[in-house]
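# Report on the structure
Residues per chain, in single letters:
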Amino acid sequence: MSDSSTQPNTPVPMVRLDDFLKREGLVGTGGEAKVLIQAGEVIVNGEVDTRRRKQLHDGDVVTFNGEDIPVDVASLGDPPM
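A short tour of the structure in this document, coming up.

### Some points on the overall build of the protein chain
Counting secondary structure elements, the protein chain contains two helices and six strands. When the helices and strands of the protein chain are read in sequence order from the N terminus, they spell out β-α-α-β-β-β-β-β. Buried residues in the protein chain amount to 26% of all 81 residues. The contacts in the protein chain between residues at least 6 apart in sequence include a share of 45% that link residues at least 24 apart.

Structure below.
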C-alpha cells in the first residue's frame, strides 16, 4: 500500500537563485545577478553560494546586502516572459 502524501512524480516548487534576485527586485538584470552571485555577495541558508543556478525551495533564506529574504516560490508569481 502506498502513502498518498508522497508522490514521487510531483514536482517540488523551486526558483533559481539568479531568477529569485531578479523577481524580488534586488537586481536589475540577470547579468548583474550573475556577477554578484559569483563574487560571493549572496548567502543562501547561512553559507556563501556562488552557483547562479542554485535551486531554491520554500523555507530557504537568501541574505543579500545584509537583508534576510525568505523564499516563498508561490508568492513570486509567474516568471517574466
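Now that the structure is up, let's keep going.
### Brief notes about the side chain of Asp18
The residue Asp18 is located in helix 1 (residues 17-23) in this model. There is a polar contact of 3.1 Å between the side chain of Asp18 and the side chain of Arg16. When sequence neighbours within four positions are dropped, the list of residues in contact with Asp18 reads Ala33, Ile37 and Arg52.

### Brief notes about the pattern of salt bridges
Under the definition given, this model contains three salt bridges. A salt bridge links Asp19 to Arg23; the shortest N-O distance between them is 3.0 Å. Taken as a pair, Asp19 and Arg23 lie in helix 1 at a separation of four residues, close to a single helical turn. Overall, the relative accessible area of 15% leaves Asp19 in the buried class.

Conventions adopted
Residues numbered from 1 in each chain as written. Predicted model: local features only at pLDDT ≥ 70, side-chain atom pairs only at ≥ 80, totals over all residues. Heavy atoms only, no water. Helix = DSSP H or I, 4+ residues; strand = E, 2+ residues; numbered from the N terminus. Buried < 20%, exposed > 50% of the residue type's maximum accessible area, 1.4 Å probe, protein only. Contact = heavy atoms within 4.5 Å. Polar contact = N/O pair within 3.5 Å; in protein donor to acceptor, adjacent residues only side chain to side chain. Salt bridge = Lys/Arg side-chain N within 4 Å of Asp/Glu carboxyl O.

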